[in-house]
4 protein chains.
Amino acid sequence: MSGLFGVINTKNESEGVAQTAYYGIFSLQHRGQESAGIAINNSGTFMVHKNSGMVADIFDEVTLNTLKGSCAVAHTRGGSDRETGTDAIQPTLIKSRVGNIAMSSDSVILNDHELRENLKNLGAIFQSNTDSEIILSLFSRNRIATDDCEHALLETMKEIRGVYAIILMTENKLIGIRDPWGMRPLSLGKKGDTYMLSSENCAFDALDAEYIRDLEPGEIVSIDKNGVTSLYYDDSVSSEERIRNGKVCIFEYVYVARPDSFIDCTSIYDSRYRTGMALAKEHPCECDIVIGAPDSGNAAALGFADGLGVPYGSGLLKNRYVGRTFIKSTQEQRELAVKLKFAVLKTAIAGKRVAIVDDSLVRGTTTKHIIRFLKENGAKEVHVRLASPEVKYPCCYGVNASKGVDLPARTKTVEEIRDMIGADSLGYISLESLRESLKGIHCGCCSACFDGNYIAGTEEAESKTE
Amino acid sequence: MSGLFGVINTKNESEGVAQTAYYGIFSLQHRGQESAGIAINNSGTFMVHKNSGMVADIFDEVTLNTLKGSCAVAHTRGGSDRETGTDAIQPTLIKSRVGNIAMSSDSVILNDHELRENLKNLGAIFQSNTDSEIILSLFSRNRIATDDCEHALLETMKEIRGVYAIILMTENKLIGIRDPWGMRPLSLGKKGDTYMLSSENCAFDALDAEYIRDLEPGEIVSIDKNGVTSLYYDDSVSSEERIRNGKVCIFEYVYVARPDSFIDCTSIYDSRYRTGMALAKEHPCECDIVIGAPDSGNAAALGFADGLGVPYGSGLLKNRYVGRTFIKSTQEQRELAVKLKFAVLKTAIAGKRVAIVDDSLVRGTTTKHIIRFLKENGAKEVHVRLASPEVKYPCCYGVNASKGVDLPARTKTVEEIRDMIGADSLGYISLESLRESLKGIHCGCCSACFDGNYIAGTEEAESKTE
Amino acid sequence: MSGLFGVINTKNESEGVAQTAYYGIFSLQHRGQESAGIAINNSGTFMVHKNSGMVADIFDEVTLNTLKGSCAVAHTRGGSDRETGTDAIQPTLIKSRVGNIAMSSDSVILNDHELRENLKNLGAIFQSNTDSEIILSLFSRNRIATDDCEHALLETMKEIRGVYAIILMTENKLIGIRDPWGMRPLSLGKKGDTYMLSSENCAFDALDAEYIRDLEPGEIVSIDKNGVTSLYYDDSVSSEERIRNGKVCIFEYVYVARPDSFIDCTSIYDSRYRTGMALAKEHPCECDIVIGAPDSGNAAALGFADGLGVPYGSGLLKNRYVGRTFIKSTQEQRELAVKLKFAVLKTAIAGKRVAIVDDSLVRGTTTKHIIRFLKENGAKEVHVRLASPEVKYPCCYGVNASKGVDLPARTKTVEEIRDMIGADSLGYISLESLRESLKGIHCGCCSACFDGNYIAGTEEAESKTE
Amino acid sequence: MSGLFGVINTKNESEGVAQTAYYGIFSLQHRGQESAGIAINNSGTFMVHKNSGMVADIFDEVTLNTLKGSCAVAHTRGGSDRETGTDAIQPTLIKSRVGNIAMSSDSVILNDHELRENLKNLGAIFQSNTDSEIILSLFSRNRIATDDCEHALLETMKEIRGVYAIILMTENKLIGIRDPWGMRPLSLGKKGDTYMLSSENCAFDALDAEYIRDLEPGEIVSIDKNGVTSLYYDDSVSSEERIRNGKVCIFEYVYVARPDSFIDCTSIYDSRYRTGMALAKEHPCECDIVIGAPDSGNAAALGFADGLGVPYGSGLLKNRYVGRTFIKSTQEQRELAVKLKFAVLKTAIAGKRVAIVDDSLVRGTTTKHIIRFLKENGAKEVHVRLASPEVKYPCCYGVNASKGVDLPARTKTVEEIRDMIGADSLGYISLESLRESLKGIHCGCCSACFDGNYIAGTEEAESKTE
């Protein structure tokens, strides 16, 4: 997963542009925090500063002051099995026949192998294992016979099968693209003469900017000194229909997005709270206290507590300092790692029947440890409620960590899983209720991980087609 | 502030000792995270690994594996105006006539200037600006005419005026010291043949160790292969009396300690929750939602909500990624910094009368910004409740950031402060109620920052004496 | 300038291959020491380790042990105005339709602009400002319709105008290329089942390998498990003729190459010594001692001393520790820098008439300072003799630092230069004598910097053609 | 070994002081290049910047500009078995009753163990394993009852048995000390209002400063705003006698000092040249060419060639890039290492009878390899001449690497060593001739490594005395 951010000053002023890009990706780090970068356009001259690490460690004031220009694209990304090494750190910069181009993308291209082979057969060379090189190579070829960047990008979208959000900077434009299903979010904001594109609108709040709207599925938004224009992957239908047919990833609501963001017009926090309320109806429970699995289960836990009329409380705290470098080579150390990550407030839960609400259950390992700790610290009963249905199908769109995992929900009954994790009761919200909780959302959702309905196809399907 | 940790295996086994020290300081990082170190005793040979940075960045598995030994002292510390530079990173290692000594301390020595001058006049040289060098130089001299380390340390305590917790490792012992008032916490734990000393017992939970007890004020605990023995600064009174006369820092309960810790037999979380309950009685308020100032106000906010019978909710989120390297040179950037640090959940607070509970108010700058953000995002009213009294006196014991600050509570009325921060109402808990909320605590508290009663004296007083 | 090295074990054994590559570029660092790298082929899987800095700082034993494979290309390079940034550090790795390719090159492509534009117009994208990307893009396209790599490289050579040496590694071959004029050196060596390619044969000595021969101008040497085969840019002529028509850069003999190397069958040391002998005939001088400008003037100084029958001595020492990070912002500091770089042996030169022999004079600034130091330290007279003719024309082939410099020899007479540098007499060897001193050399030389005869054309000429 | 440098502006001006210190230690790096530092006194406030690595890597212009002050001491040091770790990097800074003190020293204290124990018994604590801490602790105690620093230092000298040069900076003085035998060199220089102290006067040349004189054995030179004053370890004798009784380390002439330095009024270069001349008389040889073992044998080789009337030539080159990080874990790699370090000029030596002159032979391993390479490259005969006598006794004063080595000259005859290294003949200069070659030197020499006469005593002797 990645956080994308772009900014353009339509009056060609450079004051604060790099800083805006910095604050933008700073606010999007929950989407990925292993590397980050900012590329900036200073009247056609492009500069980039990028590195592995967290945003605040990569940039300092001196660096930002050297990044001068009126348009920038920025990126913050998490780890990836597909795209590795320092070459994969974005934004990607190239020179093509139409000049300098910088690109930030968050993509899973399902036909990447086929596209790469086709391009190689035309003489292209690849210097990394990233989707970016494929997209930019396709675009560069499409641009030869196409009058403008936007139509060349449209051609490129037609060649790519996959899900993506892209922000691209040419020498005079900032362009945003959302895949035909709108599976990845991308939103448009504005502050004075400055337009912004961001994976989530929470970045606009931090920047005191106005959240205009989400891009439509399949939309190419192009911003230059003349303002904003759009082009659509499928222009045979109305915007309304396009939006209604969209299929944003349901896990954005369940887990990925920041609670204060809105995606496709629905508040993330509210949808999670409503999910908790719905859970209380579907899977009520006799308990003395409701707690959230920190931090992702808190909003649903509040809804669940209010739904039941049972007090919400703190019972479990998350150690803020747990990072990626943790030591856990033996089984005992792995258990210690969970103990270091979560602190139990004994006095708050001892002797009580505890209901704990989590956003989802993929493997169940951590949940199992948490239940044991709660019981060791005196909880009389531990009831687990999940604010998403059973994860039965691996996500091939790069979102939750279900790929390549032996998913318990695929082979076990709810009762068997309850037994495995040692809970006194276990309840998953139904997909129907989860969808209802997203009320206000203008479009549908991709819920492949719950129902196996792979809207954008799968890699396997691609292989067969070849 | 610092976090101290010590560990000794009384069977002289070294398996897992460095790892235990690592997990110990890992759990104490809320007390300071700018540098850390572990010193270890391998049958008389001492090694140390220390650096600036956070615990998980300083140590990796390879490093821990090279730290072999059956006894270790470790340290994690925050910034300090008094002790600066890499020389100040602890533990401190020296060689004296009784061999190798390593020491971790968390101290404010009030007569440091006088002690240092006296020692210099005896020919001592100082290589840093740390209290550690003073303590170790005094100890080293006292040890000449004293039969054992413990009595030499007792002599040293009598020369020092100040507050401190100390963990000291000699070639065959691990020794813990708590100052005569017990102002700094220090607790004793055990797991199998391994004894541990820790600033807070939360580290014992993480290590599955048993929390035995807190050290008494003025106690020197000495642990070696024969077990645990104690010596007291004042042995003319009983343990019971000693404990009753103790004066632990009240800010440990208000802000410093981790919620899952117990200090002097009182749960930090519970005392904060009860403070919130008491606040509800002292300063009730008509409101629709109670929120905590994240994260330190959450426990009191829960108590306040329950006390009032008003729903507790989420309204403000803290960005986990805000670190020390943040960019804030202009006024506008400082405001942005607060916006980046806190995200408002609009839908949760819009149109509502919001009560926000914070642990304390020192300068009020951040609180002012938060109130404005809440109102900009639609809060109809914002009522502020503080889980501690007015901070009127600077702490000269190194705890809260009140030293050298123009404290508003010193010169302004509550009404004036309410006006300054833009709240609709403002209520501070009374010192009496705060003390009552710490029920179960076996001792008294130092509350100098609230009442000006400097139990251990002040630097000014010292200067006069000279 | 760069040093190139390649190694292939024809029995597919990997023992010592990375180490051989390491020692190879270690021995070539006089050709460039600002960055270095090794790429290795492990049965089709390519790895690379490269960085800025010196060879011994970039690689350690652990790193070399991770570089496993039976074929490697390596590179060490100096700074460049044309190719900058970390992207320009070689070897360059790409994936093409014929698999992985790694390349080390030392090139100046004169029609680089034109080639890059042509490729862009065909849809290629460029990610750096290096010649490598151009060469690999051309090759990759040429390979589509060409049966083998060698002929695709031949096609590529025909498109490029410029000078170069290239070592290229495919998944089963190691290929070396010398430009049609043979302006850059490249030699072939062998040790057991291992073939090597190296910019200079001095690397073979260090590796106890046999020096087989230099590549012919325009030769493509291809080595795989079946042995060595060759292809030629111009196969209409015999090897003998090809060699005779070659035009290796004369500055290799004057300054660049290591004294113990042989280029095109002539010993560098001997040619320099003979140049000194010839100087003694052309520009004899009354003097008491002959010294070399360390270290590049020493061999010619010995020849000059022997030619004159005057004792050779030490008079000037070079500080080994002067590196690139030196501080020289003011005029005074720049003078200090020269003083720090050279130490005068007062007692050896005081009261004497000193003849100092240097390899060449480009700007004359350092020479001027050296003369002054010698006189300040008591030299009665200072006579300067140069082992190369007047540098009147900038080198556009990337060798000496004459490009963009206001060359004194272009506008001043020898007498005016003598006056400028403060020498008592000044003598340049004639180009004729210099050429004669290279006896044994099988080919001609490019001496464009002395006579303006730009054998491979110039960038200006290219621009006109476009 | 270390290089020491000190500088004081007697008008209290700070312009260029740090830069002077930088250039000073830059010129002294042949005495040690593993760590370096500069401490500076800005009106009583002391700053220090020090690190491991080479001078040019440790300091940059920004760092030097932050080092403001009118007096500085600096240090560059090689590795040491006795003083290890980052704590041992000098200058050492302390605070004592007479304020800040910074010290650079190059010492071997023979009674260090005894002194350290005595100090510990008085209550001192030690934070490193350096001589500096001992010297400063002794000084600090001696200063209590002594009126001035100089006499306290004199007291300290009387307690220490060993050899040393020391530069010490107090808040208003710069003080230099040479041990009672003058075994370590230290010289005084001046430029305008600035006095300098340096291990060797070569630093004064680089700084355009005047070389005033060497310190006398046992002299304490003290420089402040009033100028230069001296105090002597033994003031019962005249300066003349003191100098005549001095015993500077003979290896300074043989190997350590820079050829352009003068120590105790004798040119290093000249004494080496004369040694070569004397060798030609003592051990003449039939040969066609005389070469030096680079770089330390070159001066003697020139003298030898002139003495014999045989041409001096280049035959062996040293690779400038060989550093400390070299890889040599197997025997084969160690041989490669020597090959990489030395390049043979085949054409210069093939078919010839070669005489090679080296400064000394300690183990003989490298010499053996060199002889083999010369023969492999065609040398008909190889005759080895050594510009110092047989090294039969380990140096316990920290100079040559003879300590702990199985010295061949201790047990083997010259003929056996000749056979071991594979030379056709071998000749060592006699100690008598070596001493005569140092003509002009005002004092005697310590030649313990050649004759076992340990003038300053040995550690063993110390142990017995205890």
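See the structure printed just above.
Since we're looking at a predicted model, the values are computed, not measured.

(A) Quick look at the packing of helix H5 (residues 131–142) of chain A against helix H6 (residues 149–159) of chain A. All names here are of chain A. Between H5 and H6, the shortest axis-to-axis distance is 8 Å and the interhelical angle comes to 125°. Here H5 is positioned oblique relative to H6, judged by the angle of their axes. As for the relative orientation of H5 and H6, their crossing is right-handed in sense. Counting all contacts with H5, which are made through Ile135, Leu138, Phe139 and Asn142, the residues of H6 involved are Cys149, Ala152, Leu153, Glu155, Thr156 and Glu159. Residues that form the contact of H5 with H6 fall into these classes: 6 nonpolar, 2 polar and 2 charged.

(B) Highlighting helix H5 (residues 131–142) of chain C. Given a rise of 1.5 Å per residue, 12 residues ought to cover 16 Å, and the 17 Å separating the end C-alpha atoms of H5 of chain C matches this to within 8%. Counting buried positions along H5 of chain C yields 12 of 12 residues, so the element is predominantly enclosed. Residues of H5 of chain C that are buried: Asp131, Ser132, Glu133, Ile134, Ile135, Leu136, Ser137, Leu138, Phe139, Ser140, Arg141 and Asn142 of chain C. Residues of H5 of chain C that are buried make contact with H5 of chain A together with strand E5 (92–96), strand E6 (99–109), helix H4 (112–121), helix H6 (149–159) and strand E7 (162–169) of chain C.

(C) Up close: the interface of chain D and chain B. On the chain B side, the residues contacting the 19 residues of chain D number 19 residues. Here chain D and chain B share an interface that buries about 1800 Å² over both sides, 51% of which is from carbon and sulfur atoms. Counting the surface chain D buries against chain B, the share from its top three residues, Lys95, Ile125 and Gln127 of chain D, is 32%. Counting across the chain D and chain B interface gives 0 salt bridges. For the interface between chain D and chain B, the tally reads 10 residue pairs in polar contact (both at pLDDT 80 or more). Elements with a minimum of two residues in the side of chain D that touches chain B: strand E5 (92–96), helix H4 (112–121) and helix H5 (131–142) of chain D. By residue number, the principal contributor to the side of chain D that touches chain B is H5 of chain D, which donates 5 residues.

(D) Structural view of the relation of the copies chain D and chain B. Note on the identical chains: chain D maps onto chain B by a rotation of 179° and an axial translation of 0.1 Å, with an RMSD of 0.1 Å. Such a combination of turn and shift is consistent with a two-fold rotation axis. Among all residues of chain D, the one whose C-alpha sits closest to the rotation axis is alanine 124 of chain D, at a distance of 3.3 Å. Of the residues that chain D buries at the interface, 100% are likewise interface residues in chain B, meaning the two copies contact each other through the same surface.

(E) Main features of the side chain of arginine 385 of chain D. All names here are of chain D. Looking at the secondary structure, you find arginine 385 in strand E21 (residues 381–386). Although buried, arginine 385 forms no salt bridge, and the nearest oppositely charged side chain, glutamate 381, lies 8.8 Å from it. A distance of 2.8 Å separates a polar side-chain atom of arginine 385 from the backbone oxygen of histidine 283. In this view, arginine 385 contacts Leu279, His283, Pro284, Cys285, Phe304, Ile356, Val357, Asp358, Ser425, Leu426 and Gly427; residues no more than four positions away in its chain are not counted.

Rules used throughout
Residues numbered from 1 in each chain as written. Chains lettered and ligands numbered in written order. Predicted model: local features only at pLDDT ≥ 70, side-chain atom pairs only at ≥ 80, totals over all residues. Heavy atoms only, no water. Axes fitted to C-alpha atoms, helices over the stretch in contact; angles between N-to-C directions. Helix = DSSP H or I, 4+ residues; strand = E, 2+ residues; numbered from the N terminus. Parallel < 35°, antiparallel > 145°, perpendicular 65-115°, else oblique. Left-handed = near helix turned anticlockwise from the far one by under 90°. Contact = heavy atoms within 4.5 Å. Nonpolar A, V, L, I, M, F, W, Y, C, P; charged D, E, K, R; others polar. Expected span 1.5 Å × (residues − 1). Buried < 20%, exposed > 50% of the residue type's maximum accessible area, 1.4 Å probe, protein only. Buried area = accessible area lost by both parts, 1.4 Å probe. Salt bridge = Lys/Arg side-chain N within 4 Å of Asp/Glu carboxyl O. Polar contact = N/O pair within 3.5 Å; in protein donor to acceptor, adjacent residues only side chain to side chain. Least-squares fit on C-alpha atoms with pLDDT ≥ 70 in both. Lys, Arg positive; Asp, Glu negative; His and termini not counted.

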